[in-house]
Amino acid sequence: MKYILVTGGVISGVGKGVIASSFGTLLNACGIGITSIKIDPYINIDAGTFSPYEHGEVFVLDDGGEVDLDLGNYERFLDIVLHKDNNITTGKIYKMVIDKERIGDYLGKTVQVVPHITDAIQEWVERVAKQPVKQNVQPEVCIVELGGTIGDIEGMPFVEAFRQFQFRVKKENFCVAHVSLVPAPRATGEPKTKPTQASVRELRGLGLSPDLIVCRSENPIGDEVKDKISNFCHVAPEQVICIHDLSSIYHVPLLMEQAGVIDILNERLQLNLPTPRPPEFMQSWRDLTERVENVYKKVNIALVGKYTKLEDAYASVAKALMHASIAAGYKLNLKFIDACNLEREMKGENPHLYYEAWHSLTNSHGVVVPGGFGFRGLEGKIRACQWSRENNKPLLGICLGLQAAVIEFARNVLSMKDANSTEADPDTEFPLVIDMPEHHVGILGGTMRLGKRTTLFKGDSKIRKLYGNKTQIEERHRHRYEVNPEYVEKLEAHGMRFVGHDSEKERMEIIELDGHPYFVATQFHPEYLSRPLKPSPPFMGLILASVGKLDNYFVNGQKVLHNQPLHNHVASESSSDDDLYHGRQQQQRACNSSNSTVPTPSSSIKQQGSPVKMNGTVVPSSSSPTAKDSVHENGVC
């Protein structure tokens, strides 16, 4: 087994995850089986109870593991299925060691960081590195990303563990790649290498010598700077790889290939790769990047969420939308809208934010209402669902988005004005959304419906066609609350169809609205399984509906996508914006024929002070956030 350790210097968030994923992409293209491990030096057992503002989204694996979002990068880049043990935290390691001490495994010895914690880390890495992550094939190379920055006190046990590990597995089986920032202050206008020098010096002082230094910078770095880093950091010039900011992360593997990374790894790890590489090497990746660079028609998607101050809180949703947009031949223009800003209360508190949010929503081609926890912003999500339903605007609801769509429908179509979720109002007269058996009151971590579960389709539907008319699918879940089965029959009688359910036929998994261009919501999270070359079907449906191509897609199949299959992204961009224009025209005609009186962006500003109405009914004001709303699975709401 070969190991590549990826460390970071100068600042966190420098791009170690993408660099590690790119190493795997290149080796995977060479026919080498890859697995990945992410080490997070925090004491939490897993990422499940994090606020999205702490570390971005919580990524969910097939086995229900709640892990760091970087594992999502690994799965998307490498098209593999990782396990919860592929994410190591300080909490997991210490818990394992303490449990062993409690049952006497250490025979009364004093348990210490060295050797007990460091040994536990090494044993964990060796064990997990052998686990298959794709088609039961044992991996040949394990890429380990050490989170944080070299010098962080919480990361010291892991650095020491790998200092020992390099001798345990032999030099030819262990390689270190150090990712460092090379800033270029405006005052000088030139790249500065001192931070990288200091970072490498500290890494070497801890017993690890980098075999590759990956320099991250805003703009390309010249050979003079590379030579300087080489001289002061004890590596050859060809071992200094410069990755500047790019228009798409999908360019990174190609830039690394051009820099000779494969040859360096081949020599350093004795991989015995054949040379020269075939002409079609990395061709699918080149096709993907070419497609990304050569799409000019834009599709505007509004994401109505609760954690929009940090875009990484919806990283997988944004990536899934991008995958679908690329496949459809459009450039994604994603607008993040704070759900609270759509609520009537905000109109009085901050009219500018209120009308700005509605302006963004009404100028979108499609709407995504993603998951979340707690009741803050729920009324805003409900209003977004109502506006999309009444104005025939394509909508995809996910998790809480499905629940918001159901509550809105019950309130405004079934006249259940007090309909709500018991999460938001435990005493609601009409509990449309209730908790579930997995929910343990008082215990937050790992107590939800998590991981891959089976969904069975019922009858014909748009979403079933998008999944290739399968009878059942498997998608990943992360939620506590679900639609109350007692109200399903009433909802279906008025046109809201539950077209997917679990294998016991008790849990409602997918809804679809009759007579709407695309009003679909899923209780599961389809974004977790989206891949750059295999877009998620629900997201594909949203994008196609947003540009007016969905019905044509159902008739002509993938010929609509520039006569290319979804897994091949080579395409001509000779078509004009006429199809998008006609799609807008159809939606506008539908809007004009509806009874909705939601003000348009221009009229909204003129009508400040008057209530926003939908279908003749003023949407109720949302409650102000309270302490009750402040703690949930993600720590904030």
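Residues numbered from 1 in each chain as written. Predicted model: local features only at pLDDT ≥ 70, side-chain atom pairs only at ≥ 80, totals over all residues. Heavy atoms only, no water.

- Looking up the chain in an unreviewed UniProt entry gives the name CTP synthase, with the organism given as Anopheles atroparvus.
- According to the UniProt record, the Catalytic activity (unreviewed entry) comment for the chain reads "UTP + L-glutamine + ATP + H2O = CTP + L-glutamate + ADP + phosphate + 2 H(+)".
- Here the chain is described in UniProt, under the heading Function (unreviewed entry), as follows: "Catalyzes the ATP-dependent amination of UTP to CTP with either L-glutamine or ammonia as the source of nitrogen. Constitutes the rate-limiting enzyme in the synthesis of cytosine nucleotides." (UniProt positions renumbered as here; feature names shortened; annotations may be inferred.)

**Things to note about the packing of helix α14 (residues 351–362) against helix α15 (residues 378–390)**
Then comes step 1: Packing of α14 against α15 leaves a shortest axis separation of 11 Å and a crossing angle of 40 degrees. By the angle between their directions, the pair α14 and α15 is classed as oblique. For the element pair α14 and α15, the recorded crossing hand is right-handed. Contacts between α14 and α15 involve Tyr 354, Trp 358, Leu 361 and Thr 362 from the first element and Arg 383, Ala 384 and Trp 387 from the second.
Then comes step 2: Class assignment for the residues of the contact of α14 with α15 results in five nonpolar, one polar and one charged. (Axes fitted to C-alpha atoms, helices over the stretch in contact; angles between N-to-C directions. Helix = DSSP H or I, 4+ residues; strand = E, 2+ residues; numbered from the N terminus. Parallel < 35°, antiparallel > 145°, perpendicular 65-115°, else oblique. Left-handed = near helix turned anticlockwise from the far one by under 90°. Contact = heavy atoms within 4.5 Å. Nonpolar A, V, L, I, M, F, W, Y, C, P; charged D, E, K, R; others polar.)

**Here's the deal with helix α7 (residues 194–205)**
Then comes step 1: With twelve residues, α7 ought to run about 16 Å at 1.5 Å a step, and its terminal C-alpha atoms sit 16 Å apart, in line with that.
Then comes step 2: Listed in full, the buried residues belonging to α7 are Thr 196, Gln 197, Ser 199, Val 200 and Leu 203. Each buried residue of α7 lies within a common arc of 165 degrees when the element is viewed along its axis, so the set occupies one face. Opposite the buried face of α7, at more than 90 degrees from it, the exposed residues are Lys 194, Arg 201 and Gly 205.
Then comes step 3: Directly after α7, the chain includes Gly 207, whose backbone phi takes a positive value near 100 degrees. (Expected span 1.5 Å × (residues − 1). Buried < 20%, exposed > 50% of the residue type's maximum accessible area, 1.4 Å probe, protein only. Arc of directions from axis to C-beta.)

**Observations concerning the sheet that holds strand β14 (residues 419–421)**
Then comes step 1: Taken in spatial order, the three strands make up an open sheet running β14-β15-β18, and their pairing is mixed. Each edge of the sheet is formed by a strand with only one pairing partner; in this case those strands are β14 and β18 (481–483). Averaged over neighbouring strand pairs, the angle between their axes works out to 30 degrees when direction is ignored.
Then comes step 2: Of the pairings in the sheet, the one linking β14 to strand β15 (residues 430–435) comprises three bridges and is parallel in character. Its bridge partner being in β15, Ser 421 is matched across the sheet by Val 433.
Then comes step 3: With respect to the sheet, helix α16 (residues 400–412) is in contact with β14, β15 and β18, its orientation differing from that of β14 by roughly 165 degrees. (Pairing = 2+ DSSP bridges.)

**Let's talk about a nonpolar patch on the surface**
Then comes step 1: There is a patch of nonpolar side chains on the surface, built from Tyr 94, Ile 98, Val 113 and Val 114 and spanning about 320 Å² of accessible area.
Then comes step 2: Counting residues per element, the ones that place at least two in the nonpolar patch are α4 (90–102) and α5 (113–129).
Then comes step 3: With respect to the helices, strands and loops of the structure, Val 114 is situated in helix α5.
Then comes step 4: Note on Val 114: relative accessible area 44%, which makes it partly exposed. (Patch = residues over 30% accessible without salt bridge, like charges linked within 9 Å, V, L, I, M, F, W, Y side chains within 5 Å. Areas by Shrake-Rupley, 256 points an atom, 1.4 Å probe, with all protein chains shown as cover. Salt bridge = Lys/Arg side-chain N within 4 Å of Asp/Glu carboxyl O.)

**Comments concerning the packing of aromatic side chains**
Then comes step 1: Using the criterion set out here, one finds 14 aromatic pairs in the structure.
Then comes step 2: Ring centres of Tyr 42 and Phe 50 lie 4.7 Å apart, and the angle between their planes is 90 degrees; this geometry places the pair in the edge-to-face category. No difference in accessibility class separates Tyr 42 from Phe 50, as the two residues are buried.
Then comes step 3: Three or more aromatic residues joined by ring pairs form one cluster here, namely Tyr 3, Phe 162, Phe 165 and Phe 174.
Then comes step 4: It is Arg 277 that lies over the ring of Phe 281; its NZ or CZ is 5.6 Å from the centre. (Phe/Tyr/Trp six-rings, centres within 6.5 Å; stacked < 30°, edge-to-face > 60°. Lys NZ or Arg CZ within 6 Å of the ring centre and 35° of its normal.)

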